[in-house]
Amino acid sequence: GAGVSQSPRYKVAKRGQDVALRCDPISGHVSLFWYQQALGQGPEFLTYFQNEAQLDKSGLPSDRFFAERPEGSVSTLKIQRTQQEDSAVYLCASSSGDRGSNQPQHFGDGTRLSIL
Amino acid sequence: AQKVTQAQTEISVVEKEDVTLDCVYETRDTTYYLFWYKQPPSGELVFLIRRNSFDEQNEISGRYSWNFQKSTSSFNFTITASQVVDSAVYFCAPPLYSSASKIIFGSGTRLSIRP
């Protein structure tokens, strides 16, 4: 389809394992965002890419979280040595404008991560 | 610092009733946009509307309407003749370019429409 695609839809991992979450944005979208959404809460910003450049990673909760977008399209959010508090839905969004524009964000369905 | 407040945590109404969701956005920016997003049970956040601070005219799209008042920093969303499919969490959010680097979502309002 033409929307933002995230995979996997669900991920279960044991505490201490590493996980990788993928986001395929809308083709041609300059901006890409990652969010973490805990149950019953609004999305919380993690990091922002403009093309391949990671311009803002101030929302990443620890150095166990790492994101990349090497060719300015697909992005991967990696969490190392997962902990139970990492359990959440991880949302990816893309936008046709850069951070200085007022274009809306288009979201994927999210990846629901459960750490046992 | 900017702040988005959605004071209504949960609202439940019977189908066909009208319902208004409140949003207050506090910011030092003199010009800005605000957005509303809908998150149905399936989880995907869906963009509904974008309005700018210069335009205080009501916007109507089918059963949805929005009222923006800069003087009170409020950007309210009304659903007329609600339907069960309107059941979702609704988020009010500031724009990408705001003075803070983070995009801050409000806590959302969970709307339940009972048949």
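Just above, that's the structure.
What comes next is a walk through the structure. Please read all numbers here as calculations on a predicted model, not as lab measurements.

**A look at the packing of aromatic side chains**
- Scanning the entire structure with this criterion turns up 15 aromatic pairs over all chains.
- Residues tyrosine 35 of chain A and phenylalanine 45 of chain A carry aromatic rings whose centres are separated by 6.4 Å and whose planes lie at 75 degrees to one another, so their mutual orientation is edge-to-face. Of this pair, tyrosine 35 of chain A sits in strand E4 (residues 31-37) while phenylalanine 45 of chain A sits in strand E5 (residues 44-50), and the two are 10 residues apart along the sequence.
- On the basis of relative accessible area, tyrosine 35 of chain A is assigned to the buried category, the value being 0%.
- By relative accessible area, phenylalanine 45 of chain A is classed as buried at 6%.
- Residues phenylalanine 107 of chain A and tyrosine 37 of chain B carry aromatic rings whose centres are separated by 5.6 Å and whose planes lie at 85 degrees to one another, so their mutual orientation is edge-to-face.

**Some remarks on the pattern of salt bridges**
Residues and elements named next belong to chain A.
- Across all of its chains, the model carries 4 salt bridges over all chains by this definition.
- Salt-bridge contacts for aspartate 24 lead to arginine 22; the nearest nitrogen and oxygen are separated by 3.7 Å.
- On the basis of relative accessible area, aspartate 24 is assigned to the partly exposed category, the value being 31%.
- A salt bridge links aspartate 86 to arginine 64, with the shortest nitrogen-to-oxygen separation between them at 2.8 Å. With aspartate 86 in the loop between strand E8 (75-79) and strand E9 (88-95) and arginine 64 in the loop between strand E6 (53-56) and strand E7 (65-68), this residue pair connects regions lying 22 residues apart in the sequence.

**Details of the sheet that holds strand E11 (residues 109-114) of chain B**
Residue and element names in this part refer to chain B.
- Spatial ordering of the open sheet is given by E2-E11-E10-E5-E6, a layout of 5 strands whose pairing is mixed. Two strands close off the open sheet at either side, each with one partner strand: strand E2 (10-14) and strand E6 (46-52). The mean angle between the axes of side-by-side strands here comes to 20 degrees, regardless of whether they run parallel or antiparallel.
- Bridge count for E2 against E11 is 5 bridges, and the pairing is parallel. Counted as the bridge partner of valine 13 is isoleucine 113 from E11.

**What about the nonpolar core?**
- In terms of nonpolar packing, the biggest core is built from 22 residues, with Trp36, Phe77 and Tyr90 of chain B touching the most fellow members.
- Residue assignment for this core shows that the elements contributing at least two residues are E2, strand E3 (19-21), strand E5 (33-39), strand E8 (64-69), strand E9 (74-79), strand E10 (88-93) and E11 of chain B.
- The contacts of phenylalanine 77 of chain B, once residues within four sequence positions are left out, are Val19, Thr20, Leu21, Trp36, Leu48, Tyr64, Ser65, Trp66 and Tyr90 of chain B.
- In this structure, Val19, Leu21, Ile26 and Leu113 of chain A belong to the second largest nonpolar core, which totals 20 residues.

**Some words on the sheet that holds E8 of chain A**
Residues and elements named next belong to chain A.
- Spatially, 4 strands are ordered E1-E3-E8-E7 in an open sheet, and the strand pairing comes out antiparallel. Strands with a single pairing partner mark the edges of an open sheet, and in this sheet they are strand E1 (5-7) and E7. When the angles between neighbouring strand axes are averaged without regard to direction, this sheet yields 15 degrees.
- Taken together, the 3 bridges between E1 and strand E3 (residues 19-24) define a ladder with antiparallel strand orientation.

**Quick notes on the state of the cysteines**
All names here are of chain A.
- In this structure the tally under the stated criterion is 2 disulfides over all chains.
- Put simply, cysteine 23 and cysteine 92 are joined by a disulfide, and their sulfur atoms are 1.8 Å apart. On the S-S bond that ties cysteine 23 to cysteine 92, the torsion sits near -65 degrees, and the link is left-handed. Highlighted residues: cysteine 23 in strand E3 and cysteine 92 in strand E9, separated in sequence by 69 residues. Assigned by exposure class, cysteine 23 and cysteine 92 land together as buried.

**A word on the pairing of E4 of chain A**
All names here are of chain A.
- Burial of E4 is extensive: 7 of the 7 residues sit out of reach of the surface.
- Going residue by residue along E4, you find Ser31, Phe33, Tyr35 and Gln37 tucked away on one face and Leu32, Trp34 and Gln36 tucked away on the opposite face as well.
- Across 6 bridges, the pairing between E4 and E5 is antiparallel. Within E5, the residue paired with tyrosine 35 across the bridge is phenylalanine 45.
- Taken together, E4 and the strand that follows it, E5, pair antiparallel across an intervening segment of 6 residues, in which glycine 40 is found at a positive phi of about 80 degrees.
- Bridge analysis of E4 against E9 gives 7 bridges, and the strand direction is antiparallel. Residue tryptophan 34 lies in a different strand from E9, and its bridge partner there is cysteine 92.

Cut-offs applied
- Residues numbered from 1 in each chain as written.
- Chains lettered and ligands numbered in written order.
- Predicted model: local features only at pLDDT ≥ 70, side-chain atom pairs only at ≥ 80, totals over all residues.
- Heavy atoms only, no water.
- Phe/Tyr/Trp six-rings, centres within 6.5 Å; stacked < 30°, edge-to-face > 60°.
- Helix = DSSP H or I, 4+ residues; strand = E, 2+ residues; numbered from the N terminus.
- Buried < 20%, exposed > 50% of the residue type's maximum accessible area, 1.4 Å probe, protein only.
- Salt bridge = Lys/Arg side-chain N within 4 Å of Asp/Glu carboxyl O.
- Pairing = 2+ DSSP bridges.
- Axes fitted to C-alpha atoms, helices over the stretch in contact; angles between N-to-C directions.
- Core = buried A, V, L, I, M, F, W, Y, C linked by side-chain atoms within 4.5 Å.
- Contact = heavy atoms within 4.5 Å.
- Disulfide = S-S within 2.5 Å.

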